[in-house]
Amino acid sequence: NTYDFGLVGLGVMGRNFILNVADNGFSAFGNDLDQEKVSALIEEGGDVDKVNATTDAKVFVEALSQPRKIMLLVPAGKIVDAVIENLLPLLDEGDIIIDGGNSFYTDTDRREAYLKDKGINFFGAGVSGGAKGARRGPSIMPGGSREAYQHVKPIFEAVSAKYKGEPCVTYLGPKSAGNYVKMVHNGIEYGLMQLTSEIYDLLKKAGGLSNQELHNTFAEWNKGRLQSFLVEITSEILAQKDDLTDGDLVDMILDKAKQKGTGKWTSQNAMDLGIPVPTIDIAVSMREISALKDERIKADELYDRPSPKAVNKADFVSKAEEALYFAFIMAYAQGMHQLADASKEYGYELDLGEIAKIWRAGCIIRAGLLADITDAFKADKKLPNLLLSNSFVQKVQSTVSSARELVSYGAENGIPLPGLSNSLTYFDAYTSSRLPLNLIQGQRDYFGSHTYERIDREGIFHTEWEKE
Ligand code: 6PG
């Protein structure tokens, strides 16, 4: 008996992914060094002809049909290299290794080149949707050899999430295209999470909404144009009671956010490319500020802060909905812009419409908005920025004034809204035909003879600014 699919790393994600593969009619074999995880999977699988597992890499590799399709769901970093080295002597030419973790894209490029030399096809495939997604249908973002993808395609299309029957997976491009797209997905995820948390804070502190009212508000929003996984789970989190006290759990959770690096990589790489993603940048910075809890407590004692002015609750809630929708668009616009540029820079040949399409279900940033984003990039494959799509003008134009109002409310009343204000500033700057950076060019030329260009004639100019 040979198995259709192999998976190394039987943590929650790996175990769930294997069970999902088996649910869809493929047989799957798992491998993990931990005997307990191996036994647990065999027991849960029920039928060893469909789901089996071993701690022995040789037994594992020999049990797979060729070309072997082996997915790794292990922590990003050195462990991926170690697992590859362990498998390598046991594999045959044409076999396929798929790294399903959040590996850094240059690591994927290195591994792909190294394995290509040895006749092995290597894929970096971002998998989004958490443990539940892995079990019931994730969004999968694979990059690597287009030919080799044909062997993986039937399995990935079967196990992935479906949006109106369409699988949330597609071949994205060569080399590290899959990991890169997943990295930017996570950058957008950081942005959306920061924005949601700011609106929650504003509605609570200024709007005076109770957790129950906040729960209702987000639940209501999730039925409209803000429909999204993150708004949906926000509503559920706000309703969660605490087991240890009489209160609500959200109030008891420490306000220090952790991070594993993908949001930061998105920002860092955007800087390298020269593409502005300020909503994502500030989301990373806010996790950093949040971590400085002790300093924040001390600083809070040193400075006064205005107490929030009273607002009309219903009006405030409806403005918050508009502002959040506006800012969500900015976060997606920035991420897509980065992808468009990276595609050229790294030769990924990304199809942004296809990317938005496979994000419509299964992944963490899935949202009703992604159907509109898909349509915008399908209508114009070369669209540099979502804000330049006619289909988005009305959506943005009709919501920006609420973003302005809330940002100024936050500024006047001492409630930090960095994600919202960066989103607004991004919009105002990106849509300005004239920015004051002419002055910066003047300053550069003044102190360093760095030269400048003119608006009225071609050429490079320098001025002797200082009078003797
Ligand atoms: C997903 C998520 C996932 C990521 C977590 C944690 O798409 O399923 O992006 O891959 O690991 O969101 O990320 P942080 O620990 O950096 O918040």
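These numbers were taken from a predicted model, which means no experiment stands behind them. (Residues numbered from 1 in each chain as written. Predicted model: local features only at pLDDT ≥ 70, side-chain atom pairs only at ≥ 80, totals over all residues.)

Novice: Is there a simple way to explain the packing of helix 15 (residues 313-346) against helix 20 (residues 418-430) in this structure?
Specialist: Between two packed helices, what matters for the description is the angle formed by their axes and the separation of those axes. Running from amino to carboxyl end, helix 15 crosses helix 20 at an angle of 65 degrees, the nearest separation of the two axes being 9 Å. Classified by the angle their axes make, helix 15 and helix 20 are roughly perpendicular. For the element pair helix 15 and helix 20, the recorded crossing hand is left-handed. Where helix 15 abuts helix 20, its residues Ala323, Phe326, Ala327, Met330, Ala331 and Gln334 lie against Gly419, Leu420, Ser423, Tyr426 and Phe427. Class assignment for the residues of the contact of helix 15 with helix 20 results in eight nonpolar, three polar and no charged. (Axes fitted to C-alpha atoms, helices over the stretch in contact; angles between N-to-C directions. Helix = DSSP H or I, 4+ residues; strand = E, 2+ residues; numbered from the N terminus. Parallel < 35°, antiparallel > 145°, perpendicular 65-115°, else oblique. Left-handed = near helix turned anticlockwise from the far one by under 90°. Contact = placed C-beta atoms within 7 Å. Nonpolar A, V, L, I, M, F, W, Y, C, P; charged D, E, K, R; others polar.)

Novice: Teacher, can you tell me more about helix 9 (residues 211-221) here?
Specialist: Every buried residue of helix 9 is listed here: Leu214, His215, Thr217, Phe218 and Trp221. Down the axis, helix 9 shows its buried residues gathered within 165 degrees of arc, on one side only. Among the structural elements, helix 8 (177-205), helix 10 (229-239) and helix 15 are those in contact with the buried residues of helix 9. (Buried ≥ 20, exposed ≤ 12 C-beta atoms within 10 Å, placed from the backbone. Arc of directions from axis to C-beta.)

Novice: Could you clarify how one ought to interpret the environment of valine 400 in this entry?
Specialist: Assignment of secondary structure puts valine 400 in helix 19 (residues 400-413). Judged by local crowding, valine 400 falls into the buried class, with 21 C-beta atoms found within 10 Å. Distance from valine 400 to glycine 353, taken between C-alpha atoms, is 25 Å for residues 47 residues apart in sequence. If we ignore the near neighbours within four places in the chain, the residues touching valine 400 are Phe326 and Phe427.

Novice: Teacher, can you tell me more about the nonpolar core here?
Specialist: Within the largest apolar cluster, 133 residues are counted, with the highest numbers of intra-cluster contacts made by Ile97, Ala327, Phe328, Ile329 and Tyr332. The biggest single contributor to this core is helix 15, with 18 residues. If near-sequence neighbours (up to four positions away) are discounted, alanine 327 is found in contact with Leu195, Thr279, Ala403, Gly419, Leu420 and Ser423. (Core = buried A, V, L, I, M, F, W, Y, C linked by C-beta atoms within 7 Å.)

Novice: Can you help me understand the site of the ligand in this one?
Specialist: Taken together, the neighbourhood of the ligand is formed by 13 residues, with Ser128, Asn186, Gln259, Lys260 and Ile364 sitting nearest. For the shell around the ligand, the secondary-structure elements that each account for two or more residues are helix 8 and helix 12 (262-273). Taken together, the residues of the shell around the ligand break down into two nonpolar, eight polar and three charged. No fewer than three residues from each of domain 1 (5-175) and domain 2 (182-430) sit in the shell around the ligand. (Near = placed C-beta within 6 Å. Domains from an automatic or database assignment.)

Novice: I'm lost on unusual backbone geometry in this one. Help?
Specialist: Across residues other than glycine, the phi torsion is negative in most instances, and most of the peptide bonds are trans. Of note, the amide linkage connecting glutamine 66 to proline 67 takes the cis form, showing an omega dihedral of -5 degrees. One can find proline 67 in the loop between helix 3 (57-62) and strand 4 (69-72). One non-glycine residue, lysine 164, lies in the positive phi region at around 45 degrees. Here lysine 164 shows up in the loop between strand 8 (162-163) and strand 9 (166-167). In this model, lysine 175 sits at a positive phi of 50 degrees, which is unusual for a non-glycine residue. As for its position among the elements, lysine 175 is in the loop between strand 9 and helix 8.

Novice: Can you help me understand the sheet that holds strand 7 (residues 139-143) in this one?
Specialist: Strands in a sheet are paired, the pairing made by backbone hydrogen bonds, and the direction either parallel or antiparallel. Reading across from one edge, 3-2-1-4-5-6-7 is the order of the seven strands in this open sheet, with mixed pairing throughout. Because the sheet does not close on itself, it has two edges, and the strands there are strand 3 (51-54) and strand 7. Strand after strand, the sheet turns through a mean of 25 degrees between neighbouring axes, direction not considered. Note that strand 2 (residues 28-31) and strand 3 share four bridges and pair parallel. Looking at the pairing, asparagine 31 lines up with threonine 54 of strand 3. (Pairing = 2+ DSSP bridges.)

Novice: I would appreciate a short explanation of the environment of aspartate 380 in the present structure.
Specialist: Structurally, aspartate 380 is set in the loop between helix 17 (369-379) and helix 18 (390-397). The class for aspartate 380 is partly exposed, based on 15 C-beta atoms found within 10 Å.

Novice: Hey, could you run me through the pairing of strand 5 (residues 96-99) in this one?
Specialist: For a regular strand, the rule is simple: side chains alternate between the two faces of the sheet. Burial of the side chains of strand 5 extends over both faces: Ile96 and Ile98 are buried on one face and Ile97 and Asp99 on the other. For strand 4 and strand 5, the ladder comprises four bridges, and the chain directions are parallel. In the strand pairing of strand 5, lysine 69 is matched with isoleucine 96. A crossover links strand 4 with its parallel partner strand 5, the connecting element being helix 4 (residues 78-87), and its sense is right-handed. Judged from the four bridges that link them, strand 5 and strand 6 (residues 121-128) form a sheet pairing that is parallel. Counterpart to aspartate 99 in the pairing with strand 6 is glycine 124. The parallel pair strand 5 and strand 6 is bridged by helix 5 (residues 105-116), and the resulting crossover is right-handed. (Right-handed = clockwise from strand over helix to strand, strands pointing away.)

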